[in-house]
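Listed below are the residues making up each chain.
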Amino acid sequence: MERPETKNFMKIYRAALEGRKIDTETDQSGWERLFEMASVQNVLPMIYDSTAEAFNRSDCEVDMKATIRAQVMGQITTQIRRTDAFLKLYRKFAAAGGEPIVLKGLICRQLYPDPDARSSGDEDLLVEEDVFSLYDGVLTTAGWSIADEKTDPLTDFEVSYRSERSPLCLEVHKTLFAPENAAYGDMNRLFEGARERSVRTKIDGVEIRTLCETDHVLYLILHAFKHFLHGGVGIRQISDIARFADVYRTKIDWIEIREKCKKVRADRFAEALLQIAVTHMGLDPAALSPDWQPQINSTDLLEDCLNAGVYGTSSMARRHSGNMTLHAAAEGSAAGGAKRSLLRTVFPSARELSGRYRYLKKLPILLPVAWCDRILRYRGEKGEVAQNAKEAIRIGNERIELLEEYGIIDS
Amino acid sequence: MAERKYRAKTDFILRKIDGSNVLISTGENLASFNGYIEMNDTACFIWETLAEEKSEAELLAIMREYYETDPEQLEKDVCEFLEEMQTYQMLEVL
């Protein structure tokens, strides 16, 4: 069932998406709750922008008003710096003969009323694996370095770069999804030929290469799907899809998107995302093709989104519940139920753990060592161990029901 | 001796945020100034005027056309503002 808080939040978020100001009357704790939800979803500047007049008129404490405004200013100015840094880097790539495909972030931001208010934690690039060294060279020369020293740029599908002189984090991908992941690794095959279909666009005077409209919407949906399996989708991911659908309309091949989503059992999930976009974000159903008129129950998904945070990271218990849903999806069935998923969660395979424990790639025999370390880390987390474990299982079971509801796994 | 001229550095981006004119530092000056400045309309006007190099005298002449205020006070304010912008390394001095 939809909570009143959800309805209120989505009403305000829709106003933000439409560039409207909205009158909101609530007390200080109501404003605190609203801005807290907005922060968890990483949409504080957007929510603030649409409610600032009402908020500043309210009886909230002066300190609170100043604090929220400072947070918003900080986030927007940081985003402006990130965008500026990214465009400068892109020019350097072009000068070196490279043309990486820009994913999500910058491309999605341009579709919002105020692009700077739509925060991106990082910028993502898709590059061809055989020329990865060109981009690594440009970045290194420009003073950027690999963010995690444990990353192996030769074998890892995704390499993150940072610079001390910039708030930007750059994720350079060789494939769109981690190929070794049992739950979603094979989604890469749905994007064969994406570079040949890619398009150019101009942003702040810089010519950028990006996925074509259909591929981009499909990627946004499947990227959200991946995060749904991990722990949850954020509201911003759904509004990105809504904005794309609204702006590009007939340029999007919805039949192709549905067929590809069906191949990975993401079609009903996609319908639910679009239902949220139509019901709560003002997406005109006419923007979708006739056979994509979503009529699916999306209330549970929306509540899951608002509980999840940006990428399903709102709590440690939720993060751990992601292991259960990932395993359930990889197994393709809930046979054995939560107990089976829980055993896999506590004792995952060497392949599953090799991302965090790299020595397992060469020495899978050390798997029991990794298990012990992982259990000890979990016990060391803040909060009561037993309570976190129970909560993780509860959330995991609820989310497995969602996987069943949307046909991702069989009941 | 040629009069000094001033020009706004291109390492700063000017934006309107929450009704305020905000200058955001980017590029190399991040190391020395990792923040932003909110400017009133007059300061914003000066900043935009200095997109092209101007001497202090040229800047004052332009300001007098737009602002009906005591000339001595105007000169004092502009001079102080130029000094402050130099402190934050926001200007090229030519």
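Refer to the preceding data block for the structure.
So, how was this worked out
- Residues numbered from 1 in each chain as written.
- Chains lettered and ligands numbered in written order.
- Predicted model: local features only at pLDDT ≥ 70, side-chain atom pairs only at ≥ 80, totals over all residues.
- Helix = DSSP H or I, 4+ residues; strand = E, 2+ residues; numbered from the N terminus.
- Buried ≥ 20, exposed ≤ 12 C-beta atoms within 10 Å, placed from the backbone.
- Contact = placed C-beta atoms within 7 Å.
- Pairing = 2+ DSSP bridges.
- Arc of directions from axis to C-beta.

Caption draft 1: Representation of the overall build of chain B in the model. Scanning chain B from terminus to terminus reveals three helices and six strands. Ordered by position in the sequence, the α and β elements of chain B form the string β-β-β-β-α-β-α-α-β. Per-residue burial over chain B gives 17% buried out of 94 residues. Counting only contacts in chain B whose residues sit at least 6 apart along the sequence, the fraction spanning at least 24 positions is 45%.

Caption draft 2: Fine view of the pairing of strand β2 (residues 12–17) of chain B. All names here are of chain B. The pairing of β2 with strand β3 (residues 20–25) spans six bridges and is antiparallel. Along β3, the bridge assignment pairs Lys16 with Asn21. A loop of two residues connects β2 with β3, the two strands running antiparallel in sequence, and Asp18 in this loop sits at a positive phi of about 50 degrees.

Caption draft 3: Up close: unusual backbone geometry. Residue and element names in this part refer to chain A. Although it is not a glycine, Asn42 adopts a positive phi angle of roughly 60 degrees. Within the chain, Lys104 stands out as a residue other than glycine whose phi angle is a positive 55 degrees. Note on placement: Lys104 falls in the loop between β1 (101–103) and α5 (105–109). Looking at Lys104, the number of C-beta atoms within 10 Å reads 20, which means it is buried.

Caption draft 4: Representation of helix α6 (residues 132–141) of chain A. All names here are of chain A. Within α6, the full set of buried residues consists of Tyr135, Val138 and Leu139. The arc enclosing the buried residues of α6, seen along the axis, measures out at 95 degrees, which places them on a common side. Exposed side chains of α6 directed beyond 90 degrees from the buried face belong to Gly137 and Thr141. Contact partners of the buried residues in α6: α4 (62–95), β4 (158–162) and β5 (169–173).

Caption draft 5: Here's a closer look at the pairing of strand β1 (residues 5–8) of chain B. Residue and element names in this part refer to chain B. Residues Tyr6 and Ala8 of β1 are buried on one face, while the alternating residues Lys5 and Arg7, pointing to the opposite face, are not. Alignment of β1 against strand β5 (residues 54–55), held across two bridges, turns out to be antiparallel. Residue pairing for β5: Tyr6 is matched across the bridge by Lys54. Note: β1 against strand β6 (residues 91–93), three bridges, orientation antiparallel. From the neighbouring strand, Tyr6 faces β6, where its bridge partner is Val93.

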